[in-house]
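# Structural description and commentary
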Number of protein chains: 2
Amino acid sequence: MRNGIVQSIDITIATVSEPLLLESGRTLTPITVRYETYGSLNEERSNAILVLHAFSGDAHAAGYHRADDRAPGWWDTMIGPGRALDTNRFFVISSNVLGSCQGTTGPGSENPETSRPWAMSFPAITIGDMVEVQHRLVTALGIETLFAVVGGSMGGMQALEWVARYPAKVERAVLLATTTQLSAQAIAFNAVGRNAIMSDPRWNKGDYYHAEPPSQGLSVARMVGHITYLSSESMRMKFGRRIQDNDGTARDTEDQFAVESYLSYQGEKFVDRFDANSYIYLSRAMDAFDLAGSYGGLEAAFSSAETSFLIISYSSDWLFTTEQSKEIVFALARTGKEVSYTEIQSPYGHDAFLIEYELQSELISSFLRSRRITPGGR
Amino acid sequence: MRNGIVQSIDITIATVSEPLLLESGRTLTPITVRYETYGSLNEERSNAILVLHAFSGDAHAAGYHRADDRAPGWWDTMIGPGRALDTNRFFVISSNVLGSCQGTTGPGSENPETSRPWAMSFPAITIGDMVEVQHRLVTALGIETLFAVVGGSMGGMQALEWVARYPAKVERAVLLATTTQLSAQAIAFNAVGRNAIMSDPRWNKGDYYHAEPPSQGLSVARMVGHITYLSSESMRMKFGRRIQDNDGTARDTEDQFAVESYLSYQGEKFVDRFDANSYIYLSRAMDAFDLAGSYGGLEAAFSSAETSFLIISYSSDWLFTTEQSKEIVFALARTGKEVSYTEIQSPYGHDAFLIEYELQSELISSFLRSRRITPGGR
């Protein structure tokens, strides 16, 4: 069954014309923001939920753009009438992040001073810079306070940054499969991805927008990433040691295991929709994110928050682990915040937040329905 | 202190001239084998231990070739007078595997029919083919029965294959950090490495021996591999989120985390000593290895063995896990074999078998000293 909200998607391009001072110290202007909204803003402007996408996501979180779209938005299972982010009740906003390549300004955008793509002259961006752009968008929509911010993975990083930066403007935060800082291992995987891109001669130091893009390197980067999004168990269940398209023995140099074919396919599919330079910029933004480092400790980052928290981790997620979620839970507990935490038992690894919609819908629906106990208001 | 066995290394090239029928059905001849020996074969020829190297290893397992060598052989901590593989007592043989690039015939060797390098026309090889070549070498050295076979990782796969193929010729087997078949996840990592190599335009379908080799692709492949050889914990201990060579903030596109620099260095170092086509052939041999599949079950593979086993796994090894070692232990137990098993608590991941020499030396020394209870002879 198709989500019946096709007609209510509001796809918009906003332009932030006031120059944005980035954390790097550089200034960026103008900034284009691609966003979609689902549902309606109420008169009090108190029912807005900001959905924050992950590394390779985009603004198209729910519904179909056209009747013949093959797939709906990336979190369609969670957004719609009667769903966890219930569009009969909430006004859901989803915007593409700064530095990406799906309609919001990024390294593939035109540098107005040169009329050529920024490429690697695009300024380094941070999770904080992404949130600044989102804040301007939300303000431009006339929203003073968000009912909730909701994000998984890199989306959860943005949600954490929202709370630290705008402690009085976020009533609820839902953090899924996320962390306040990447592990050395996660940085290492990102570094390999960047290396694969930069090793592709077509990358040409980022200057490829008028030529063939570095698809081979980007494809390898995506393959590495994909392994980290799954778990060993889910790969075993899904592929095992099955051989693709032959009699079941892998004795020739051409034979491929099913898992190889799958990864190659994922890599090839990805290059059609993603820009290699955005991969570099966004992965660096994730690597650099360090909430405690930026705010002088996690407690300091959370101290002013007037926010209730729901945190969900997934048992087989080895990229953003349960231990990393628990660090957030304990820091919130130490600062007296209202926090609910669940580890969902799932074999699906980091991708679980995109897959385990039934279990997380129950948790999120309940959390969004519950009466918020204003922290500090006791 | 340098291992005082420099002068006793016997570095030799043997040529197997009788054609070898490979598991693929193709025939290979001649085959050159590079090997080293340490210690002396006794009169009864009953003290030979065959050391089997891992994926990127070579015949140089111990000692120094020249007084100014920067490092000794790869398992020098384990082989020498008074060490676990005590060269006062044992005759230790270490040979480079078929398909490799360190002196034994592989894809970089000359095809005698064309007088050009085999490249990708080299036949697919298997762990079984490697063992066949080793068997010929051992036989040529006049050794009928091996006191022990000892191997970690891919070396452990060869040891398993030795036992299955020559059940009466292997008295003891020491299996470290190994498995009877790779997991889907491990295959996936190998596939990414191969993809990185094949994506490098210099790979040129394997035909690069008279031009620049695909160093960029091979370097990326090694980086991926290296992450899987370490554990998340050891990366955290060794690098954490430290920034290389700057004021400690990673806000620029040029800044590198220490773990990135380390991986890049490992990648660059590797390309000087390893052939990209060997990477493809050997990783495929590992992927295809399936002891149960080849012999109709693990019990069948072990049923005729007159071998005592010592099996060691390492707690943080997520590439070849403790669970995979236990599968071997249980299969041996079910077939009534003598098996001793220990999981060493170690933070060093898969690489632990190259690092935890003190603990594993105790286990291996004791195992090699103990009186063997001939299975079936009860």
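Residues numbered from 1 in each chain as written. Chains lettered and ligands numbered in written order. Predicted model: local features only at pLDDT ≥ 70, side-chain atom pairs only at ≥ 80, totals over all residues.

### Comments concerning the overall build of chain A
- The secondary structure content of chain A amounts to 12 helices and 14 strands.
- Against the 2.2 N^0.38 benchmark of 21 Å for 378 residues, chain A shows a C-alpha radius of gyration of 21 Å, consistent with a compact globule.
- Seen along its three principal axes, the alpha-carbon backbone of chain A occupies a region of about 70 × 50 × 45 Å.
- Here chain A holds 378 residues, and the buried ones make up 58% of them. (Helix = DSSP H or I, 4+ residues; strand = E, 2+ residues; numbered from the N terminus. Rg over C-alpha atoms; globule rule 2.2 N^0.38 Å. Buried ≥ 20, exposed ≤ 12 C-beta atoms within 10 Å, placed from the backbone.)

### So, the relation of the copies chain B and chain A
- Superposing chain B onto chain A takes a rotation of 180 degrees combined with a translation of 0.0 Å along the rotation axis, leaving an RMSD of 0.0 Å. Such a combination of rotation and displacement between the chain copies is what one expects of a two-fold axis.
- The residues that chain B uses at the interface reappear at the interface of chain A in 100% of cases, marking a shared surface. (Least-squares fit on C-alpha atoms with pLDDT ≥ 70 in both. Contact = placed C-beta atoms within 7 Å.)

### Some remarks on the interface of chain B and chain A
- Contacts between the two partners involve 43 residues from chain B, matched on the other side by 44 residues from chain A.
- Secondary structure elements with two or more residues in the side of chain B that touches chain A: helix H3 (184–199), helix H4 (215–229), helix H5 (232–238), helix H6 (258–271) and helix H7 (276–288) of chain B.
- With 10 residues, H3 of chain B is the single largest residue contributor to the side of chain B that touches chain A.
- A per-class count over the side of chain B that touches chain A returns 21 nonpolar, 12 polar and 10 charged. (Nonpolar A, V, L, I, M, F, W, Y, C, P; charged D, E, K, R; others polar.)

### Observations concerning the pairing of strand S5 (residues 48–52) of chain A
Residue and element names in this part refer to chain A.
- Summarising burial for S5: 5 of the 5 residues are buried, a large majority.
- The two faces of S5 match: Ala48, Leu50 and Leu52 on one face and Ile49 and Val51 on the other face are all buried.
- One ladder, built from 4 bridges, connects S5 with strand S11 (residues 148–152); its direction is parallel. The residue bridging Leu50 from the neighbouring strand is Val149, located in S11. (Pairing = 2+ DSSP bridges.)

### Considering the packing of helix H6 (residues 258–271) of chain A against H3 of chain B
- Where H6 of chain A meets H3 of chain B, the axes come as close as 9 Å, and the angle between the chain directions of the two elements is 50 degrees. One way to sum up the angle between H6 of chain A and H3 of chain B is to call them oblique. At the point where H6 of chain A passes H3 of chain B, the crossing takes the right-handed sense. For the pair H6 of chain A and H3 of chain B, contact is made by Val259, Glu260, Leu263 and Ser264 of chain A and by Ala184, Ile187, Ala188, Ala191, Val192 and Asn195 of chain B, respectively.
- Considering only residue class, the contact of H6 of chain A with H3 of chain B consists of 7 nonpolar, 2 polar and 1 charged. (Axes fitted to C-alpha atoms, helices over the stretch in contact; angles between N-to-C directions. Parallel < 35°, antiparallel > 145°, perpendicular 65-115°, else oblique. Left-handed = near helix turned anticlockwise from the far one by under 90°.)

### A few points about the domain arrangement of chain A
All names here are of chain A.
- Looking at chain A, the domain boundaries give domain 1 (6–182 + 290–369) and domain 2 (186–283).
- One C-alpha centre belongs to domain 1, the other to domain 2, and the line joining them spans 26 Å.
- Across the boundary between the two partners, domain 1 contributes 22 residues, which contact 19 residues of domain 2. (Domains from an automatic or database assignment.)

### So, the nonpolar core
- Ile49 and Val192 of chain A together with Ile49 and Val192 of chain B are the most contacted members of the largest nonpolar core, which totals 242 residues.
- In contact with Ile49 of chain A, not counting residues within four places along its chain, are Leu85, Phe90, Val92, Leu146, Phe147, Ala148 and Val150 of chain A. (Core = buried A, V, L, I, M, F, W, Y, C linked by C-beta atoms within 7 Å.)

### What to know about the confidence of the model for chain A
Residues and elements named next belong to chain A.
- Averaged over every residue, the pLDDT of chain A is 93; the share at 70 or more is 93%.
- The model gives residues 1–8 a pLDDT under 50, and that stretch makes 16 contacts with residues more than four places away or in other chains.
- Scored as a complex, the prediction yields pTM 0.94 and ipTM 0.93. (pLDDT = per-residue confidence, 0-100.)

### Observations concerning the pairing of strand S15 (residues 308–314) of chain B
All names here are of chain B.
- Of all 7 residues in S15, 7 are buried, a share of seventy percent or more.
- The side-chain alternation of S15 yields two buried faces, one formed by Ser308, Leu310, Ile312 and Tyr314 and the other by Phe309, Ile311 and Ser313.
- Pairing between strand S12 (residues 172–176) and S15: 5 bridges, direction parallel. Within S15, the position partnered with Arg172 by the bridge is Ser308.
- Where S15 meets strand S16 (residues 338–344), 7 bridges bridge the pair, whose relative direction is parallel.

### Examining helix H2 (residues 154–165) of chain B
Residue and element names in this part refer to chain B.
- Here H2 spans 16 Å end to end across 12 residues, near enough to the 16 Å set by a 1.5 Å rise per residue.
- With 11 of 12 residues buried, H2 is to be regarded as a mostly interior element.
- Among the residues making up H2, those that are buried are Met154, Gly155, Gly156, Met157, Gln158, Ala159, Leu160, Glu161, Trp162, Val163 and Ala164. (Expected span 1.5 Å × (residues − 1).)

### Some details on unusual backbone geometry
Residues and elements named next belong to chain A.
- The omega torsion of the bond from Thr29 to Pro30 falls at -10 degrees, within 30 degrees of zero and hence cis.
- Positive phi, normally seen in glycine, also occurs at Ser115, with a value near 60 degrees.
- Tracing the sequence through the fold places Ser115 in the loop between strand S9 (110–111) and strand S10 (116–117).

### Re the environment of Ala333 of chain A
Residues and elements named next belong to chain A.
- Here Ala333 is to be found in helix H10 (residues 322–334).
- A tally of 13 C-beta atoms within 10 Å means that Ala333 is categorised as partly exposed.
- Between the C-alpha atom of Ala333 and that of Arg273, which follows or precedes it by 60 residues, the distance is 41 Å.

### Regarding the environment of Pro107 of chain A
- On the secondary structure map, Pro107 of chain A appears in the loop between strand S8 (91–95) and S9.
- Along the sequence, Pro107 of chain A and Phe289 of chain A sit 182 residues apart, while their C-alpha atoms lie 19 Å from each other.

### Notes on helix H3 (residues 184–199) of chain A
- Over its 16 residues, H3 of chain A extends 22 Å from the first C-alpha to the last, a length consistent with the 22 Å expected when each residue adds 1.5 Å.
- Within H3 of chain A, 15 of the 16 residues are buried, leaving the element largely enclosed by the surrounding structure.

### Notes on the environment of Arg89 of chain B
Residues and elements named next belong to chain B.
- Along the polypeptide, Arg89 turns up in the loop between strand S7 (85–86) and strand S8 (91–95).
- Among the residues examined, Arg89 registers 17 C-beta atoms within 10 Å and is labelled partly exposed.
- Residues Arg89 and Asn42 lie 47 residues apart in sequence; the distance between their C-alpha atoms is 8.7 Å.

### Structural notes on the packing of helix H1 (residues 127–140) of chain A against helix H2 (residues 154–165) of chain A
All names here are of chain A.
- Where H1 meets H2, the closest approach of the two axes is 9 Å, and the angle between their N-to-C directions is 70 degrees. When the axis of H1 is compared with that of H2, the two are roughly perpendicular. Seen from H1, the contacting residues are Ile127, Gly128, Met130 and Val131; seen from H2, they are Met157, Gln158, Glu161, Trp162 and Arg165.
- Its residues placed into classes, the contact of H1 with H2 shows 5 nonpolar, 2 polar and 2 charged.

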